[in-house]
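Structural overview for review
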Amino acid sequence: MLSSANCGKCHCAAVFGETAKDFVWLVYRKDGTSFYASCTSSPLYIEEQHVGVIYFSSDVTTRKSMEAALLKKTEELQLATEAAELGMFDFYPRTNKLIWSDRVKEHFGLPVDTPVTIDVFFAGLHPDDRERMTLGIAAASKPENGGRFRFKYRTVGQLDRKERWIEERGQVHFASDGTPIRLIGTTMDVTERELAEQRLQEAAQHDNLTGLSNRALLFQFAEFVFAQALRTCSDSALLFIDLDRFKPINDLYGHDVGDKVLKEVARRLQKCTRKEDIVSRLGGDEFIVLLPHIETAYDPETVAQHILKMIGQPFHVGGLTLTLSASIGISLFREHASELESLIRYADMAMYAAKKSGRNNYKFYTPGHDELATDRLRLEIHLKRKLENNGMVLFYQPIIDIDSGKVIGAEALIRLPGENGVMLNPGDFIPIAESTGLIDSLGLWVITETCKQHQAWREAGLPPINIAVNVSAIEFRQKAFASQLARTVTASGMDPSCLQIELTESAVMDNISAAIETLREIRAMGIKIALDDFGTGYSSLNHLKNLPLDKLKIDQSFILRIESDRPNQSITEAIIGLGRTLNLRVVGEGIESEEAMNFLRNHGCDEAQGFLFSEPLPAAEFESWHRNHLAHSRL
Ligand code: C2E
Ligand code: MG
Ligand code: MG
């Protein structure tokens, strides 16, 4: 479009000026629509006389709207990257030109006015990550790798020396000959996430109490160590360390003191070992030290001697001075076994041999230890493993209400599946559990499992019955027994009034005032309490009346031969009478014959338990027995 204007009549010179100019105008048409016009105006002179203006214009609406859209997109992108706290970088390898947004500088802990070059990038990386990044960028710069890249690296702030974890993602653009011409992408500070992940990983691989590596990490580490040892034909050794008589410390001074001792043991073990060795806590008072590289068998021996010496130093905990010792078993990688599980087992056996030969001692594994670890020791190892592997079993024996003949309860009785598959009775292993401290985890398992079983029977539609569990005196005397019991029952969802605990007289009478307090706490939850094997202990009748109890269970030795034994008959009669006076229900157990049953019924005993009704049965068999019994009692 060509136009002219008369400068005498209009103000074109004032508007357009003395020289050529470019404008973009929004021009309205007569019909109200509009368009963008790009105009170039040029003053028109004739004989140096300014006579007008020439101007060219073209419709640039499409270009203008594309520009506006682009601007909007750029703004949006900027806002989005800001919101996502992303940094932007753009690198041109041919010229080495690097452009960073302010956020990237922040990610490198650099002031915003820092001029950036590729050297600044590498200088800002954590020294341990530099080589990896050089290789990573080189690999990403090869067209055959697809051009996309994603790195995670650490930066070290120039000003604050702060270490940050940065995640970088981007794309390489290639020239037609395959050379990289541009690397463009974003950076993100992922320090928080990375640290949280590290903390989670730490927690999953470390023992909460001591901070030592746990079993999982030990296995992971061993896999790596043994693979390397096989390649380099080197030897490794495993030390199994068990504290001697740690249990009494826990019992006498409480878990707080016990925990502090364990922490100190962990610290001393670490002091006895080198950086490349791994010290791990298996649980309880058992520790493992893995020595990845040993020159001779003297190496583990020296470490074992050192450990014994260190553990033998007095422990000062909470104003107490305690003396401890340890027993150590040693097994050798390759000579004894080539995988961790077996090495632990052999070192464990050698440790028992060390204990047997007087404790505060170490022993290398020899095949003879397999036989040494017989009887009690073997049983102890077996029991421990079954407890750890959830391999214990509960049997249930029904308890009958004598008046109605209905099943009103069951007693949970623990069994240990033996090595040959035969079930071992509690008499064979409860004393071992008590003397080795395993009774706590055994007891906890029994209560947890019983509650679970009770709920399962309820869900299977069986009428509610009471379930009794036996509690060892040692468990009962633990300060936290009542609260632990409460936690377990609550967690199971079981109605506490369906649970009964059975204690022997000695458990209660040894420290009567503490016992009364614990019993009150337990009863306040609604749980019932029975005094088991009553009549054989030395219960003072005076004390008995002060105890918060629900039931007396007559010791089965009085009932087994009751038909023909006059003295047993009078004792049983007396116990039933005592129960009535104290307002307690009386249970007869060990009932094997109709005669014994009749005797108890005739003398007012309330509940009955014995082989006459059923032997203790596995859970599934008990359920069928119970259903059968219900069906018959309906007939
Ligand atoms: P208890 O609590 O007095 O359990 C009764 C014992 O008598 C059970 O022996 C049972 O099988 C047996 N019995 C029941 N009726 C008869 C019968 O008619 N004739 C004969 N001859 N025996 C009968 P078991 O299962 O060997 O348990 C022995 C003891 O071991 C229990 O005596 C209890 O004190 C203890 N015990 C059982 N389970 C546990 C447990 O989970 N924890 C603890 N701490 N102790 C347990
Ligand atoms: Mg019992
Ligand atoms: Mg009993």
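Keep in mind the model is a prediction, meaning the values are calculated, not measured.

Right, let's get into the coordination of the magnesium ion (ligand 3). Ligation of the magnesium ion (ligand 3) by protein atoms is provided by Asp 532 (OD), Asp 533 (OD) and Glu 589 (OE), these donors lying 1.9 to 2.3 Å from the ion. A separation of 4.0 Å is found between the magnesium ion (ligand 3) and the magnesium ion (ligand 2), which are bridged by Asp 532.

Attention now goes to the domain arrangement of the protein chain. Taken domain by domain, the protein chain holds domain 1 (4–64), domain 2 (84–189), domain 3 (205–365) and domain 4 (376–613 + 620–626). Each of domain 1 and domain 4 was reduced to a C-alpha centroid, and the two centroids are 107 Å apart.

Next up on the list: the layout of surface pockets. Of the volumes computed, that of the largest pocket is approximately 1400 Å³. Surrounding the largest pocket, 47 residues form its lining, Lys 247, Asp 285, Thr 436, Gly 437 and Leu 438 being those nearest its centre. Ranked by the residues each element gives to the lining of the largest pocket, the list is headed by helix 13 (residues 375–388), at six residues. For the lining of the largest pocket, the class distribution of residues is 15 nonpolar, twelve polar and 20 charged.

Here the focus is the packing of aromatic side chains. All chains considered together, the criterion is met by 15 aromatic pairs. Pairing Phe 121 with Tyr 153 gives two aromatic rings, centres 5.9 Å apart and planes at 90 degrees, and the pair type is edge-to-face. On the criterion of sequence distance, the pair formed by Phe 121 in helix 4 (residues 118–124) and Tyr 153 in strand 6 (residues 148–156) is long-range, its members being 32 residues apart. Judged by relative accessible area, Tyr 153 falls into the buried class, the value being 0%. Pairing Tyr 396 with Trp 457 gives two aromatic rings, centres 4.9 Å apart and planes at 75 degrees, and the pair type is edge-to-face. Pair noted here: Tyr 396 is in strand 16 (residues 393–401) and Trp 457 is in helix 15 (residues 439–459), with a separation of 61 residues, a long-range link.

The strands making up a sheet associate through hydrogen bonds between their backbones, and the pairing can be parallel or antiparallel. Here five strands make up an open sheet; going across it, the order is 10-11-9-14-15 and the pairing mixed. Where the open sheet ends on each side, the last strands, each with one partner, are strand 10 (278–283) and strand 15 (361–364). In this sheet, adjacent strand axes meet at a mean angle of 20 degrees when their direction is disregarded. Across eight bridges, the pairing between strand 9 (residues 235–244) and strand 14 (residues 325–332) is antiparallel. Bridged to Leu 238 within strand 14 is Ser 331.

Parameters and conventions
- Residues numbered from 1 in each chain as written.
- Chains lettered and ligands numbered in written order.
- Predicted model: local features only at pLDDT ≥ 70, side-chain atom pairs only at ≥ 80, totals over all residues.
- Heavy atoms only, no water.
- Donors = N, O, S within 2.8 Å, 3.2 Å for Na, K, Ca; no water.
- Domains from an automatic or database assignment.
- 1 Å grid on protein atoms, 1.4 Å probe; cavity = no way out; pocket = protein on both sides within 12 Å on 5 of 7 lines; lining within 4 Å.
- Points joined across faces, edges and corners; volume = space filled by probe spheres on them.
- Helix = DSSP H or I, 4+ residues; strand = E, 2+ residues; numbered from the N terminus.
- Nonpolar A, V, L, I, M, F, W, Y, C, P; charged D, E, K, R; others polar.
- Phe/Tyr/Trp six-rings, centres within 6.5 Å; stacked < 30°, edge-to-face > 60°.
- Buried < 20%, exposed > 50% of the residue type's maximum accessible area, 1.4 Å probe, protein only.
- Pairing = 2+ DSSP bridges.
- Axes fitted to C-alpha atoms, helices over the stretch in contact; angles between N-to-C directions.

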